[in-house]
Amino acid sequence: MEGLKKDVIRHVVSSLGSDYASKSAYNYYNALALAVRDRLIDNWIKTQRSYYDEKAKRVYYLSLEYLPGKSLMNNLHCLGIYETARKAMSDLGFSLEDLAEQEWDAGLGNGGLGRLASCFLDSMATLGIPGYGYGIRYDYGIFHQVIEDGKQVEQADNWMRVGNPWAYERGQHLFPVRFFGEVKNWTDEYGRLRHTWTAGDTVLAMPCDMLVPGWDNHHVINMRLWSARSDVEFDLDFFNTGNYLGAVEEKIFDEKISKVLYPSDQIEEGRELRLKQQYFFVTATIQDILRRFRKKHQDMTELPQSVAIQLNDTHPAIAIAELMRILLDEDLLDWEVAWDICVSTFAYTNHTILPEALETWPVSLLERMLPRHMQIIYEINARFLREVERVARSEDCGQLCHRDLDHLKQRVSLIQERPIKSVRMAHLAIIGSHSVNGVAALHTELLKARVFDDFQRLYPQKINNKTNGVTPRRWLWSANQPLSRLIASHIGTGFVRNLDELTQLEPLAADPAFREAWRAAKLENKQRLQAYIKRKLMRELHTEHLFDVHIKRIHEYKRQVLNLLHVVTAYNRLRHGQAADFTPRTVFFGGKAAPSYFMAKRIIHAINAVAATVNADSRVNDKLQVVYLPNYCVSQAERVIPATELSEQISTAGMEASGTGNMKFALNGALTIGTWDGATIEMAQAIGPELLFIFGMREDELVSLRQHGYNPMLYYHGDEELREALDMLRSDAFSPGQHGLFAPLVDNLLHGGDRFFVLADYRQYLGAQQDVGRLYLDQEEWTRRSILNAARMGFFSSDRAISQYAREIWDVAPMAGLQNG
Ligand code: 26Q
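Residues numbered from 1 in each chain as written. Predicted model: local features only at pLDDT ≥ 70, side-chain atom pairs only at ≥ 80, totals over all residues. Heavy atoms only, no water.

What about the sheet that holds strand 15 (residues 360-362)?
- As summarised here, the arrangement of the three strands in space is 15-17-16, forming an open sheet in which the pairing is antiparallel. Either end of the sheet is taken by a strand with one partner, and the two such strands are strand 15 and strand 16 (415-416).
- The pairing of strand 15 with strand 17 (residues 422-424) spans three bridges and is classified as antiparallel. Pairing of Trp361 across the sheet is with Val423, part of strand 17. (Pairing = 2+ DSSP bridges. Helix = DSSP H or I, 4+ residues; strand = E, 2+ residues; numbered from the N terminus.)

Quick word on the site of the ligand
- Surveying the vicinity of the ligand reveals 20 residues, the closest of which are Leu113, His351, Asn468, Glu656 and Gly659.
- Contact distances for the ligand include 2.8 Å between an oxygen atom and a backbone N or O atom of Gly659.
- Protein burial of the ligand: of its 620 Å² of free accessible surface, 98% is covered by the chains.
- Considered class by class, the residues forming the shell around the ligand number five nonpolar, nine polar and six charged.
- Summarising the domain contributions, the shell around the ligand has at least three residues from each of domain 2 (54-70 + 105-467 + 804-810) and domain 3 (472-698 + 763-796). (Near = heavy atom within 4 Å. Polar contact = N/O pair within 3.5 Å; in protein donor to acceptor, adjacent residues only side chain to side chain. Areas by Shrake-Rupley, 256 points an atom, 1.4 Å probe, with all protein chains shown as cover. Nonpolar A, V, L, I, M, F, W, Y, C, P; charged D, E, K, R; others polar. Domains from an automatic or database assignment.)

Considering the pairing of strand 21 (residues 585-590)
- The buried count for strand 21 comes to six of six residues, which makes it a mostly enclosed element.
- Neither face of strand 21 is exposed, since Arg585, Val587 and Phe589 on one face and Thr586, Phe588 and Gly590 on the opposite face are all buried.
- Both strand 21 and strand 22 (residues 624-629) contribute to a ladder of six bridges, which runs parallel. Bridge assignment links Thr586 to a residue of strand 22, and that residue is Gln625.
- As for the winding sense of the linkage, the β-α-β connection from strand 21 through helix 23 (residues 598-616) to strand 22 is right-handed. (Buried < 20%, exposed > 50% of the residue type's maximum accessible area, 1.4 Å probe, protein only. Right-handed = clockwise from strand over helix to strand, strands pointing away.)

Some thoughts on the nonpolar core
- Counting 145 residues, the largest nonpolar core has Phe179 and Trp810 as its most contacted members.
- No other element matches the ten residues that helix 9 (residues 272-296) contributes to this core.
- Looking at this core, you find at least three residues from each of domain 1 (1-53 + 71-103) and domain 2 (54-70 + 105-467 + 804-810).
- Listed in part, the 68 residues of the second largest apolar core include Tyr571, Ala760, Leu775 and Tyr776. (Core = buried A, V, L, I, M, F, W, Y, C linked by side-chain atoms within 4.5 Å.)

Side note on the domain arrangement of the protein
- Each assigned domain of the protein is listed here: domain 1 (1-53 + 71-103), domain 2 (54-70 + 105-467 + 804-810) and domain 3 (472-698 + 763-796).
- Computed over C-alpha atoms only, the centres of domain 1 and domain 3 are separated by 34 Å.
- Summed over both partners, the interface of domain 1 with domain 3 comes to about 600 Å²; 37% of that surface belongs to carbon and sulfur atoms.
- Broken down residue by residue, the surface that domain 1 buries against domain 3 is led by Asn74, His77 and Glu101, which jointly contribute 61%.
- Counting the contacts that link domain 1 with domain 3 gives three salt bridges.
- A salt bridge links Arg485 to Glu83, with the nearest nitrogen and oxygen atoms 3.6 Å apart.
- Applying the counting criterion to the domain 1 and domain 3 interface returns three residue pairs in polar contact (both at pLDDT 80 or more).
- Taken together, the elements giving at least two residues each to the side of domain 1 that touches domain 3 come down to helix 3 (72-79) and helix 4 (82-91).
- Take the side of domain 1 that touches domain 3: its biggest share by element is three residues, from helix 3. (Buried area = accessible area lost by both parts, 1.4 Å probe. Salt bridge = Lys/Arg side-chain N within 4 Å of Asp/Glu carboxyl O.)

As for unusual backbone geometry
- Across the junction of Arg418 and Pro419, the peptide omega takes the value -5°, indicating a cis bond.
- Among the secondary structure elements, Pro419 is positioned in the loop between strand 16 and strand 17.
- Notably, Asp149 is not glycine yet its phi reads approximately 50°, a positive angle.
- As for its placement among the helices and strands, Asp149 is situated in the loop between strand 5 (144-148) and strand 6 (151-155).
- Residue classification places Asp149 among the exposed positions, given a relative accessible area of 68%.
- The phi angle at Arg559 is positive, at roughly 60°, despite the residue not being glycine.
- Tracing the backbone shows Arg559 in the loop between strand 20 (546-551) and helix 22 (560-575).

This is the structure:
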């Protein structure tokens, strides 16, 4: 402890240039972070060296998004120095918890996809897998959300304004990135046609490394994020022409590339700068991968034995064309050889089946910005379509006559003709990879049967499932110390590394003393949340209420509106005195809406409007409260999830690819109210469906309802309580003086086809909520179920997920000797 104290003081003085006697929390947080980083870097160097020594196969995880959140507490726990640090800082006059609050969340992602990437890095480090995360170091992460007059307002997230003590910026290792220009043809010594991409604009990519430690094992892996730097200052011509200000302007223009994260998920934002971001990060990453590979290899055909590249959705899929370009134009390999290398190296994970989220890029844009890549994509397509024809003809032509073949080719082509000629990035990713995986069993089945059914027939081995998982280090041990300590006192700490060990809790579910201790831990977390809400929102929570929580991105398919209709109905019953048996509850909502997503923003407004009405109504507000948690983010999730008793997972069946929040809640002892969707299905199967509150129509039932003609009006006219709730929303009951404010929301349900079947599931949802309320009155039974939920969550560790990727897709093994310290 004395060592750590000394290091902290030394950093306050010599790294931060401050007087150690002026006790600034900000300085002491930074100094502590630097002292922790010192302890990581030795192991990082040793880990990297061991990869070379053992000629290990490396895994590269390419993602446009990461959501690490805050690093301090997680790193202290992984290094096993949390207690030491707590005491050291307390000696220096600080509470560790307060210091940790000084850190800004690294919010370099939108939601599930980005957080999954961070959980996966944690698991690779813990399992001793030679992995690297590659991405972009956005200057501005996901916007900061404030709620003003009930509405979302976005503010810039300048997360590095005060510096980032965790990162190593490596300004000397720059990689060039080219855009635009033209392709020149030439003939090589064997008379073959060759291509060279020349001229165009150049930008530089600067690596910033953030260290990711494993749990108690001395293995530290790297998250390498690229930041755009102008090459203007390297090119004296710019200044010598005398146009000094012009040159500086150009510099600013170049550096815009890594300025900001696009804040939309599930909706395609076909913007030129977004494509630039993708290619910028992809080419820098591929150059870096090949640089490392070439240190020990000359023969490029050995690449797939040494390197696996996982594409986190299609966002980095241009990497396939980029690797082809390098192999063809720089290494001068033959097409077939280059293509085999690519397919054997790449694998692609799909995270969505919503058609509006499938990425396409206009051919005209690609031709201009990346002319050589567009040529290569055309060539990939031509060869692929010939192959399709061959396979189709080689089969019995009973099912594939010529007309069908034309249709098949149109459907699977990399190029879509309408509404404008575009490249389908998912098709490029499928054809260029040896593995295509979905993220939950149902999701993968839907990929095979619907979204990518043609590809499933062409390549029946390619599409596979890897159900998501979450890291128990952050989402149980670090976020929920009260519960973790209780668990550890009965079964030891092995569960942090091997989550299956939680099954040892099962017999304890029958033990009244353990149940009481379990409830005490939950209450402690509820009180901690209560204190936080009081500080931040100046609201008083009732900890004896059932804490019912719906936090995730705001999207119509996630059906926050269904939850809101339940709240309004509960409000009406209480007002009308029809709810004598109502179990008091507080309903929490939280989440960001894409700034361009009108309906999602209106939903936020509606939730806040209902909250204001309910909370101000003294007839009901001792029994029902509604809280909107502004600026939902990773560190907020770490506070809220441990305090949650009811987890809302109520997406339209078939629409949530997996969900990972669902797992974090159950792991922390919340019960789930949810639909038969995503990974919630597999959770119900692992836990026992009777221990969750499952309701609503299933995916296949919705398909047939849609086919037979779904009429939301039928539900409106047939259900009095539903009608009352919708009429209130449409009138100005929650928006006094602003008539029609929420009409778009209601119209969308009643006259817009209710694409997400909110009305179809309303009555069943109410029934399930009734069951929840009733069960909560029986605290013994509730606690028993809560314990069993957590006990059976072992499968949903990201360690299990990563082990499956490693074995079934990457063909890598954990490093010997590094796994257990
Ligand atoms: C695409 C093009 C242009 C701009 C933005 C995008 C974009 C960005 C982010 C499209 C989609 C996303 C994010 C998707 C996402 O987070 N999907 C979630 O992934 C989780 C991890 O697999 C799943 O658990 C969730 O079910 C899924 O919604």
